[in-house]
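Residue-level listing of the chains:
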Amino acid sequence: MGIVNIDDDLHEQLRRASKVSCRSINAQAVFWIKIGMLCETNPTLSFSEIIQREMNSAGVSAPALAMGDG
């Protein structure tokens, strides 16, 4: 494990995003790093496709939302 030095503005964005997603600041940084690596190594996949693949590989299955008649 090591220490990563990041810009103060990025740290502030991490802090804000972590509140929205109910993660610690460190967990939010890990999430962004992991997703960033997956995006760079799978440039043809969308963010949604990457998240779906990660959910599937973790054994998470959520029912699809039905579109209402409005």
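Here is what the cut-offs are and how they apply
- Residues numbered from 1 in each chain as written.
- Predicted model: local features only at pLDDT ≥ 70, side-chain atom pairs only at ≥ 80, totals over all residues.
- Heavy atoms only, no water.
- Phe/Tyr/Trp six-rings, centres within 6.5 Å; stacked < 30°, edge-to-face > 60°.
- Lys NZ or Arg CZ within 6 Å of the ring centre and 35° of its normal.
- Helix = DSSP H or I, 4+ residues; strand = E, 2+ residues; numbered from the N terminus.
- Axes fitted to C-alpha atoms, helices over the stretch in contact; angles between N-to-C directions.
- Parallel < 35°, antiparallel > 145°, perpendicular 65-115°, else oblique.
- Contact = heavy atoms within 4.5 Å.
- Nonpolar A, V, L, I, M, F, W, Y, C, P; charged D, E, K, R; others polar.

Peer 1: What's the story with the packing of aromatic side chains in this structure? I'm lost.
Peer 2: The geometry of an aromatic ring pair is captured by two quantities: the separation of the ring centres and the angle between the planes. Across all of its chains, the model carries 0 aromatic pairs by this definition. Positioned over the ring face of Phe 31 is Arg 23, at 4.0 Å from the centre of the ring.

Peer 1: Can you walk me through unusual backbone geometry in this structure?
Peer 2: A negative phi angle is the norm for most residues apart from glycine, just as the trans form is the norm for most peptide bonds. One non-glycine residue, Cys 22, lies in the positive phi region at around 55 degrees. Following the sequence through the fold, Cys 22 ends up in the loop between α1 (8–20) and α2 (25–41).

Peer 1: Looking at this structure, how should I read the packing of α2 against helix α3 (residues 47–57)?
Peer 2: Relative placement of two packed helices is described by the angle separating their axes and the distance separating the axes. Running from N to C, α2 and α3 point in directions that differ by 110 degrees, and their axes come no closer than 10 Å. As the angle between them shows, α2 and α3 are arranged roughly perpendicular. Contact residues: α2 offers Phe 31, Lys 34, Ile 35, Leu 38 and Cys 39, while α3 offers Phe 47, Ile 50, Ile 51 and Glu 54. By residue class, the composition of the contact of α2 with α3 is 7 nonpolar, no polar and 2 charged.

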